[in-house]
Every structure is written in structure tokens, then in C-alpha cells.
Amino acid sequence: QKAEWAKLKNERSVSADGKQFIVGSNIGTPKDLTGVLESGSEGIGLYRTEFLYMDSAELPTEEDQFQAYKAVLEGMSDKPVTVRTMDIGGDKNLPYLPLPKEDNPFMGYRAIRISLDRTDIFKTQLRALLRASVYGELWIMFPMIATIQEFRAARDIFEAEKAKLIAEGVAVSDDIKLGIMIEIPAAALLADRFAQEVDFFSIGTNDLIAYTMAADRGNENVSYLYQPYNPSILRIIKMVIDAAHKYGKFVAMCGEMAGDQIAVPILVGMGLDEFSMSSTSVLQTRALMKRLNTVQMAELAGRALNLDTNDEVKALVEAEVYAN
Ligand code: PEP
Ligand code: MG
């Protein structure tokens, strides 16, 4: 099987009936580029920049960050690179940035909430990204967006830094896409409003499932509630995809679910545009897509949405896609 998959390395990701998808990679550091380039990936759908902050003894400077972003953008040539701004907090702490002690850190001061409060840190990151933007195709997304005001505030800071750099005579791309992670149910429910303001969505199912099920993703006592195929989760995802497409916007997924071989047929049926995952799953997913028909998968997704449980959906996909 692996040998069969390897043959797809330089091919596009296309369904049996000819619809194109993008299968991309998730990375944590520029070192992961080697794996991305070997994987046949069509882009980077998630660059988790918090590792830059976590692997450092102090706040990374604008120059440190610029070098890292430039390396990734150049390494990918003209393929899209989606960089997520710092997602610190939750279970990710920085020794040099003391965060308040909280009872519920996953529902607390984290990600964009920190960035919009510590705008000094946020502006440094955005400036580094803006300066790197001329070295490739840069998309930027904000993590843990709950409200439209948060997105607007982040966008305004981005636009202001961009204008300042231009005034300073620094070259920046005029084609940077700005998007949000959909990982809080409030944002998913308002996706039709967000879709009118953002360039793209990226569904972060790791957190979206946790917050929808109210089950901490790291807590073993409730790990049975991590149910990516539960029709509740499928419905919320479908809503987000439809809302984006209604306004001609692009929808990616960068949570674990995007590379899940039971979920992929359903997501293909729902018309998800990009699937971003660990580089090691890229070719297997491309091979799976190649044998799926989008019309049949849309019908399969429709049936899945009307089942009752995670297990029923899994059994349905196994019977329809994987039997014989
Ligand atoms: C997610 O929540 O699905 C996601 C991709 O972000 P992270 O796993 O880094 O929280
Ligand atoms: Mg997340």
C-alpha cells in the first residue's frame, strides 16, 4: 500500500469524479519542513507558531520570528502557508510570561485573548509575518476567536502594522489572506456573519469537539466524549462549510479529524476545501480521495447527519467506503 501511495507524491488531490481538494501539512517549527517536502503536501494548513515562543528563554524578537517565517515561506515556494498567531495558554505556558493562575485555563486567558491584551507581543509577531510575506504565499489566522469584535480588533491591528511598515518603506505582500480558526462553538454558530468579513476559515476540531462536548481534551476520565463522528459535531462542521461557501469563502480543517480516514469521506461529501494534517498522513488521504465520488459522499454525509451516534456514523462509513 505504501508503495501505491508514494506514486501520488507529485499529484494533486482529486476525487474519483475530478473535484480538487488541497491536502496540506501541520507543522510546529521550520524543522518540520523536511517532512512536508517529502510528503507531497500541497501546502501548510497550520503552522503552530507557539513553539517559537515555547522553545525560547525569552520572547522571540521580531528578527527571530522573521527568519523562521521566511524559512518556511521560501521552503514552500509558491504553495500556501497558513500561519496561526500565537496560541499560548490552556496547557501551553511560557516561563518568561507569567499567566494568571486560573481554575479553567482552557476557558481562560489564552491565544487571541492574550494577543489582544498584550498587543506589544501581537504587533511584533504581525510585523515579522508582514516582512516575511514577500517570500511566499502567506495566509494568517487567529486562534480561539469567539466574537466578531475579536476578529475586527485583530484585523485592525494587522492593518495598522501593515500601513506602518509600508510607510517605513518595507516591502510587504498585498495579497495576505486573513482568516480565523473555528474552534469555539459561538464562532461556528455565527459562521455566516464571520464569512462576510474573513478570507477563510480553518476548523480546529481538537478544540471544537472539546468545547462542543464540554469535555477537556486532555482529561482521560472524559476522553470517551471525543467523538468526531457524532452527528452533533458533523452538523456544526456542515454549518460552517455551508456558511463559508455561501459567501464564496474557503474552508480548511486543521484538527486531527482532517486526516481521520473515517471522517475524510464525510468531509469530502460536505465539500471541505482543504484538509491539513500530519505530513505522514498526506499520501494516504490523497489515495483515499482518489477513490471517492463526491456525489456519493454528499449522499453519505446526508445520511450520517441524520444518525444518532458516533458509532452509527463510523459503522456507516465502514460499510459504505471500506467494506471489501
Ligand atoms: C485544534 O484545536 O483543532 C487545533 C488545530 O489547534 P490546536 O490543536 O493547536 O489547539
Ligand atoms: Mg486549537
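Please read all numbers here as calculations on a predicted model, not as lab measurements.

What to know about helix H12 (residues 263–270)
At step 1: Most of H12 sits inside the fold, with eight of its eight residues counted as buried.
At step 2: Looking one or two residues past H12, Gly-271 carries a phi angle of roughly 85°, positive in sign.

Quick look at the environment of Gly-136
At step 1: With respect to the element layout, Gly-136 can be found in the loop between helix H6 (119–132) and strand E5 (137–142).
At step 2: Judged by the 20 C-beta atoms lying within 10 Å of it, Gly-136 is buried.
At step 3: Considered as a pair, Gly-136 and Ile-180 are 44 residues apart in the sequence and their alpha carbons are 20 Å apart.
At step 4: For Gly-136, the residues in contact, after removing those within four places along its chain, are Leu-73, Glu-74, Met-76, Ser-77, Asp-78 and Val-81.

What to know about the environment of Glu-197
At step 1: By secondary structure assignment, the location of Glu-197 is in the loop between helix H9 (191–194) and strand E7 (200–203).
At step 2: The spacing of Glu-197 and Tyr-247 is 50 residues in sequence and 9.7 Å in space, taken between C-alpha atoms.

Focus: the pairing of strand E3 (residues 44–48)
At step 1: Counted residue by residue, E3 has four buried out of five residues, so it is predominantly covered.
At step 2: As judged from the three bridges shared by strand E2 (residues 20–27) and E3, these two strands associate in the parallel manner. Residue pairing in the sheet places Ile-27 in a bridge with Tyr-47 of E3.
At step 3: In the sheet, E3 pairs with strand E4 (residues 80–84) via three bridges, with the strands oriented parallel. Residue pairing for E4: Tyr-47 is matched across the bridge by Val-83.

Here's the deal with the site of ligand 1
At step 1: Around ligand 1 sit Leu-46, Arg-48, Asp-87, Glu-183, Gly-204, Thr-205, Asn-206, Asp-207, Cys-254 and Gly-255, and that is every residue in its neighbourhood.
At step 2: The set of elements that each furnish at least two residues to the shell around ligand 1 consists of E3 and helix H10 (205–213).
At step 3: Among the elements that make up the shell around ligand 1, the one with the highest residue count is H10 (three residues).
At step 4: Taken together, the residues of the shell around ligand 1 break down into two nonpolar, four polar and four charged.

Some thoughts on the nonpolar core
At step 1: Of all hydrophobic cores here, the largest spans 91 residues; its most connected members are Ile-180, Ile-182, Ala-191, Phe-201 and Val-240.
At step 2: A per-element tally of this core places helix H11 (residues 231–246) first, with eight residues.
At step 3: Not counting residues up to four positions away in its chain, the partners in contact with Ile-180 are Met-141, Phe-142, Ile-145, Phe-151, Ala-187, Phe-194, Val-198 and Phe-201.

Focus on the confidence of the model for the protein
At step 1: Within the protein, residue pLDDT values average 97, and 100% of them lie at 70 or more.
At step 2: Mean pLDDT values over the elements of the protein span from 91, in helix H1 (residues 2–6), up to 99, in E7.
At step 3: As a predicted assembly, this complex carries a pTM of 0.98 together with an ipTM value of 0.99.

Considering unusual backbone geometry
At step 1: Positive phi outside glycine occurs at Ala-111, with the angle close to 50°.
At step 2: As for its placement among the helices and strands, Ala-111 is situated in the loop between E4 and helix H5 (112–117).
At step 3: Residue Ala-111 is classed as buried on the basis of its C-beta count, with 26 C-beta atoms lying within 10 Å.

Cut-offs applied
- Residues numbered from 1 in each chain as written.
- Chains lettered and ligands numbered in written order.
- Predicted model: local features only at pLDDT ≥ 70, side-chain atom pairs only at ≥ 80, totals over all residues.
- Buried ≥ 20, exposed ≤ 12 C-beta atoms within 10 Å, placed from the backbone.
- Helix = DSSP H or I, 4+ residues; strand = E, 2+ residues; numbered from the N terminus.
- Contact = placed C-beta atoms within 7 Å.
- Pairing = 2+ DSSP bridges.
- Near = placed C-beta within 6 Å.
- Nonpolar A, V, L, I, M, F, W, Y, C, P; charged D, E, K, R; others polar.
- Core = buried A, V, L, I, M, F, W, Y, C linked by C-beta atoms within 7 Å.
- pLDDT = per-residue confidence, 0-100.

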